[in-house]
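# Coordinate analysis (summary)
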Protein chains: 2
Amino acid sequence: MNENNYCIIMAGGYGSRFWPICKSNNPKQFLDILGTGQSMLQSTFSRFERICPRENIIIVTGELYADRVREQIKGLKCYQVLSEPTRRNTAPCIAYAASIIYARNPKANIIVTPSDHAIFGQDYFEQDMEQALALTEKNDIIITIGVRPTNPNTKYGYIQFAEEPALPKTENLHKVVTFTEKPPVEMARQFISTGEFFWNAGIFVWRLSTLRKAYRTYLPNIAKNFFTLTTETPAADLDSTYALSEAISVDFGIMEQADNVYVMEAGFEWSDVESWSSLYNTCEHDDLNNGIVSGHAFTYDTKNTLVHVPANKNVIIQGLDNYIVAADDNTILICPRDREELIVKFASDVELAELTRSLKPYKQPKVTTIHKKSDL
Amino acid sequence: MNENNYCIIMAGGYGSRFWPICKSNNPKQFLDILGTGQSMLQSTFSRFERICPRENIIIVTGELYADRVREQIKGLKCYQVLSEPTRRNTAPCIAYAASIIYARNPKANIIVTPSDHAIFGQDYFEQDMEQALALTEKNDIIITIGVRPTNPNTKYGYIQFAEEPALPKTENLHKVVTFTEKPPVEMARQFISTGEFFWNAGIFVWRLSTLRKAYRTYLPNIAKNFFTLTTETPAADLDSTYALSEAISVDFGIMEQADNVYVMEAGFEWSDVESWSSLYNTCEHDDLNNGIVSGHAFTYDTKNTLVHVPANKNVIIQGLDNYIVAADDNTILICPRDREELIVKFASDVELAELTRSLKPYKQPKVTTIHKKSDL
């Protein structure tokens, strides 16, 4: 395994689309969304352990989540878990990690990846990553991974690419023409019909020198302030660096500006699994199109239904069609799959009720009405 | 409070109609079926504490459940919890308790009651019990409590009574003509149309001397073997007394034979809450006819639905009509109310699956199929 191969895993997300199992204090990357027995972060880490030496994998997360990371991935060295004091989007996050890597190995060749996406086809994934690393080692280029779109998803970023392959022997590498974040559905349909667009998988490959040059050119303030950070930087200085930084994504700050950005078509299947529906579309189905992702499910006369309850729990469902049945240890959700947009409201109603309950100094006893014979 | 008033609470039932919250190791009497904050047994005990001195209440249960009784009702003296080594129906159970009571107070005047029925209208209940106790104190009669039937329930016992009141000043007391256990629905309808039938609430009032005479007359073997039991009887002797005893109900063994049995019409409302449907019919309903018995329920576009989850859990339901949503800490059940008969099958399927899992020496890892690009 090449000692220069590094990976930056971005694990600071706090999304709660998968309510009730996913909450801001327990976001998606720490959960076994896919029912594999591993959290999304653990799966991501395992995936990259086969590409980079284990000690070359850096996880960047929020201060609140650093302990959670160390619980889920044992034996990490100090520099491998970086805590961001404030959320500043992805450009500062990557710059911080790049600075820590620079101190260890200026020749690093780096894959930057989200921590909470699903990848199917590990062998194909490894082939792609190795091909990309080989290319960025020798060329001053940024490679982003593109996925052939299968539907006009409006929650993804789209990458338009030049038709001609960028290099004679790498037919899966194309020059990037445009980036479009979350287009309207009509536009997404058009994109797909042209055959010139990929989904943006959010995985970038570049060697450290290319990365540093790009930051100096397109995000000079971030380069100046973040490339001086080390593992010895006092907490107060880290705090102020973050506090004073602009919040900007690496996509917008660099990818859309630079002219050495290429897209490599993924040989693997990918989903960012960003909602219950997305999970339903991604997971395996039984004969009646039920997706039993987690839990011991017993379904009777039930179809098109997604089940995700704690792995050790039983759930018995009679006569549901097209539902989500999800639970954590405290909350059970039963909702039609096509009403998923309501879940945000449900979460807020429950949160408000819990707050109200916690404010009551004494729990009111529940009183069963006394039915009087004379009232009958 | 009259020192001669005694109560025998029969708490040995092991029914599992309320699966999944109710299992053979956790039967109905120990559960808060009605969502009142108290188990059925605790409610029953509290109800009788207002009629009998606390130390005059005897609970008879199975050996497996004796600790559970003491957990739920603190401070009981030794003789107040009697453990039956074997199930022998109600006649031996009552005889055992009566023998213990006889040693303490031969003048006892006793109410025998199930531990898992719902009573609404405590004041009316107390009035009835006091009236019955006053009558049995002075008369060598057995009073059973009858409830005016509201529907042709085929799971109840029916008591036919003589139209004329038994005594001039007690218009609610009638001589019993016949007992009929669980009639077919057509017969139940006929019974109701005559106006001469009550449901049998399973509550009997008799003084100890009447009780002992009835046993000696109609169940002489049980009288002989059980009336010698004391709190000092060695376990081996208790075991053999039970092992050798016939299993017979007090209804069949005495009530249907004796000619001094009267029925008193209940002034309170009663249900034996023997199924989820029965609970739904018994509980309070919201504007959309949902019965939220236990748990923090958030219902949206949901009606006619019964909810019973652990009191501290949230359950969010969108778009269900006429369902049961029930859960304990390990199992969630979602089933249409009109398919309740299937629950026995569900319980057995889950039990079999759990057994199968427990037999596997190693848990099989759950494998997510690798989707190959070439298969697409």
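On a predicted model such as this, the values are computed, not experimentally measured, just so you know.

## What to know about the overall build of chain A
Looking only at helices and strands, one finds 11 helices and 17 strands in chain A. What you see for chain A is a C-alpha radius of gyration of 23 Å, in line with the 21 Å of a compact globule of 376 residues. Considered along the principal axes of its C-alpha atoms, chain A spans approximately 90 × 50 × 35 Å. Going through the 376 residues of chain A one by one, you find that 55% of them count as buried. Considering only contacts within chain A whose residues lie at least 6 apart along the sequence, 65% involve residues at least 24 apart. Surface accessibility of chain A: about 16900 Å² in total, with carbon and sulfur atoms responsible for 50%. With 37 positive and 46 negative side-chain charges, chain A shows a spacing of 6 Å between the two charge centroids.

## Thoughts on the sheet that holds strand E17 (residues 331–336) of chain A
Read from one edge to the other, the open sheet built from 6 strands follows the order E12(A)-E14(A)-E16(A)-E17(A)-E15(B)-E13(B), with strand pairing classed as mixed. Only two strands of the sheet have a single partner each, and these edge strands are strand E12 (291–294) of chain A together with strand E13 (296–300) of chain B. When strand polarity is set aside, the average angle formed by the axes of neighbouring strands in this sheet is 5 degrees. Two elements, strand E14 (residues 306–308) of chain A and strand E16 (residues 323–327) of chain A, share 3 bridges in a ladder whose sense is parallel. Residue His 308 of chain A lies in a different strand from E16 of chain A, and its bridge partner there is Ala 326 of chain A.

## Comments concerning unusual backbone geometry
Most peptide bonds are trans, and most residues other than glycine sit at a negative phi. At the junction of Trp 19 of chain A and Pro 20 of chain A, the peptide bond is cis and its omega measures out at 5 degrees in the coordinates. Relative to the assigned elements, Pro 20 of chain A resides in the loop between strand E1 (5–10) and helix H1 (40–49). Its identity as a non-glycine residue notwithstanding, Asn 304 of chain A has a phi of 55 degrees, on the positive side. Structurally, the position occupied by Asn 304 of chain A is in the loop between strand E13 (296–300) and E14. Residue Asn 304 of chain A is classed as partly exposed on the basis of its relative accessible area of 21%. In this structure, Asp 301 of chain B takes a positive phi of about 50 degrees despite not being glycine. Considering the arrangement of structural elements, one finds Asp 301 of chain B in the loop between E13 and strand E14 (306–308). Under the relative-accessibility criterion, Asp 301 of chain B is labelled exposed at 60%.

## Examining the relation of the copies chain B and chain A
The two copies are related by a screw motion: chain B maps onto chain A through a turn of 180 degrees and a shift of 0.0 Å along the axis, at an RMSD of 0.1 Å. Expressed as an axis order, the relation between the two copies is that of a two-fold axis. Within chain B, the C-alpha atom positioned nearest to the axis of rotation is that of Asp 329 of chain B, 3.9 Å from it. Most of the interface of chain B is mirrored in chain A, where 98% of its interface residues again form contacts.

## What about the interface of chain B and chain A?
Chain B puts 57 residues into the contact, and the matching count from chain A is 56 residues. Approximately 4700 Å² of surface area, both sides summed, lies buried where chain B meets chain A, with 55% of it carried by carbon and sulfur atoms. Its largest share of buried area at the contact with chain A, chain B owes to Ile 316, Gln 318 and Ile 332 of chain B, together 15% of the area lost on that side. Between the two partners, chain B and chain A, sit 0 salt bridges.

## With respect to the sheet that holds E14 of chain B
In spatial order, the strands read E13(A)-E15(A)-E17(B)-E16(B)-E14(B)-E12(B); together these 6 strands make up an open sheet with mixed pairing. A strand with exactly one partner marks an edge of an open sheet, and here the two such strands are E13 of chain A together with strand E12 (291–294) of chain B. Neighbour-to-neighbour, the strand axes of the sheet open up by a mean angle of 5 degrees, direction not taken into account. The sheet contact formed by strand E16 (residues 323–327) of chain B and strand E17 (residues 331–336) of chain B spans 5 bridges and is antiparallel. Opposite Ile 324 of chain B, over in E17 of chain B, you have Cys 335 of chain B as the bridge partner.

## Description of the pairing of E16 of chain B
With respect to burial, E16 of chain B is a largely interior element, 5 of its 5 residues being buried. Residues Tyr 323, Val 325 and Ala 327 of chain B point to one face of E16 of chain B and Ile 324 and Ala 326 of chain B to the other, with burial holding for every one of them.

## Here's the deal with the pattern of salt bridges
Residue and element names in this part refer to chain B. By the definition in use, this model includes 26 salt bridges over all chains. With a closest N to O distance of 3.7 Å, Arg 68 and Glu 71 form a salt bridge. Here the residue Arg 68 and the residue Glu 71 both occupy positions in helix H2 (residues 66–72), the gap between them amounting to 3 residues, near one helical turn. Given the relative accessible area of 48%, Glu 71 is considered partly exposed.

## Some thoughts on the packing of helix H3 (residues 90–104) of chain A against helix H6 (residues 208–218) of chain A
Residues and elements named next belong to chain A. Packing of H3 against H6 brings their axes to within 11 Å, and their N-to-C directions diverge by 135 degrees. Of the possible angle classes, the one that applies to H3 and H6 is oblique. Crossing of H3 against H6: the hand is left-handed. The segment H3 lies against H6, with Thr 90, Ala 91, Ile 94, Ala 95, Ala 98, Ile 101 and Tyr 102 engaging Leu 208, Leu 211, Arg 212 and Tyr 215. Considering only residue class, the contact of H3 with H6 consists of 9 nonpolar, 1 polar and 1 charged.

## Quick notes on the packing of aromatic side chains
Between two aromatic rings, the relevant description is the distance of the centres plus the angle of the planes. Residues and elements named next belong to chain A. Within this structure, the stated rule accounts for 30 aromatic pairs over all chains. On the basis of an interplanar angle of 50 degrees and a centroid distance of 6.3 Å, the ring pair of Trp 199 and Trp 270 is categorised as tilted. Of this pair, Trp 199 sits in strand E9 (residues 197–207) while Trp 270 is found in strand E11 (residues 269–271), placing the two residues 71 residues apart along the sequence. Taking the relative accessible area as the measure of exposure, Trp 199 reaches 4% and is therefore buried.

## Comments concerning the confidence of the model for chain A
Overall, the prediction assigns chain A a mean pLDDT of 93, with 95% of residues at 70 or greater. Quick note on the complex model: pTM equals 0.86, ipTM equals 0.84.

## Here we look at the environment of Asn 289 of chain B
Within the fold, Asn 289 of chain B resides in the loop between helix H10 (276–282) and E12. Taking the relative accessible area as the measure of exposure, Asn 289 of chain B reaches 38% and is therefore partly exposed.

## Some remarks on the side chain of Thr 305 of chain A
Residue and element names in this part refer to chain A. Within the secondary structure layout, Thr 305 lies in the loop between E13 and E14. Residue class for Thr 305 comes out buried when judged on its relative accessible area of 0%. Within the structure, Thr 305 has its side chain in polar contact with the backbone nitrogen of Asn 322 (distance 3.3 Å). Looking at Thr 305, its side chain comes within polar contact range of the main-chain nitrogen of Tyr 323, at 3.1 Å.

## What to know about the side chain of Ser 278 of chain A
Residue and element names in this part refer to chain A. Counting through the fold element by element, Ser 278 comes out in helix H10 (residues 276–282). Given a relative accessible area of 9%, Ser 278 falls into the buried group. What Ser 278 contacts, discounting residues up to four positions off in sequence, is Ser 271 and Val 273.

## Re helix H8 (residues 235–244) of chain B
Residues and elements named next belong to chain B. Of the positions making up H8, those classed as buried are Leu 238, Thr 241 and Tyr 242. Angularly, the buried residues of H8 cover 95 degrees about the axis, an arc narrow enough to put them on a single face. Facing away from the buried side of H8 by more than 90 degrees, the exposed set consists of Ala 236 and Leu 244. Structurally, H8 contributes buried residues whose contacts are with strand E3 (81–84), helix H3 (90–104) and helix H7 (220–226).

Thresholds applied
Residues numbered from 1 in each chain as written. Chains lettered and ligands numbered in written order. Predicted model: local features only at pLDDT ≥ 70, side-chain atom pairs only at ≥ 80, totals over all residues. Heavy atoms only, no water. Helix = DSSP H or I, 4+ residues; strand = E, 2+ residues; numbered from the N terminus. Rg over C-alpha atoms; globule rule 2.2 N^0.38 Å. Buried < 20%, exposed > 50% of the residue type's maximum accessible area, 1.4 Å probe, protein only. Contact = heavy atoms within 4.5 Å. Areas by Shrake-Rupley, 256 points an atom, 1.4 Å probe, with all protein chains shown as cover. Lys, Arg positive; Asp, Glu negative; His and termini not counted. Charge placed at Lys NZ, Arg CZ, Asp CG, Glu CD. Pairing = 2+ DSSP bridges. Axes fitted to C-alpha atoms, helices over the stretch in contact; angles between N-to-C directions. Least-squares fit on C-alpha atoms with pLDDT ≥ 70 in both. Buried area = accessible area lost by both parts, 1.4 Å probe. Salt bridge = Lys/Arg side-chain N within 4 Å of Asp/Glu carboxyl O. Parallel < 35°, antiparallel > 145°, perpendicular 65-115°, else oblique. Left-handed = near helix turned anticlockwise from the far one by under 90°. Nonpolar A, V, L, I, M, F, W, Y, C, P; charged D, E, K, R; others polar. Phe/Tyr/Trp six-rings, centres within 6.5 Å; stacked < 30°, edge-to-face > 60°. pLDDT = per-residue confidence, 0-100. Polar contact = N/O pair within 3.5 Å; in protein donor to acceptor, adjacent residues only side chain to side chain. Arc of directions from axis to C-beta.

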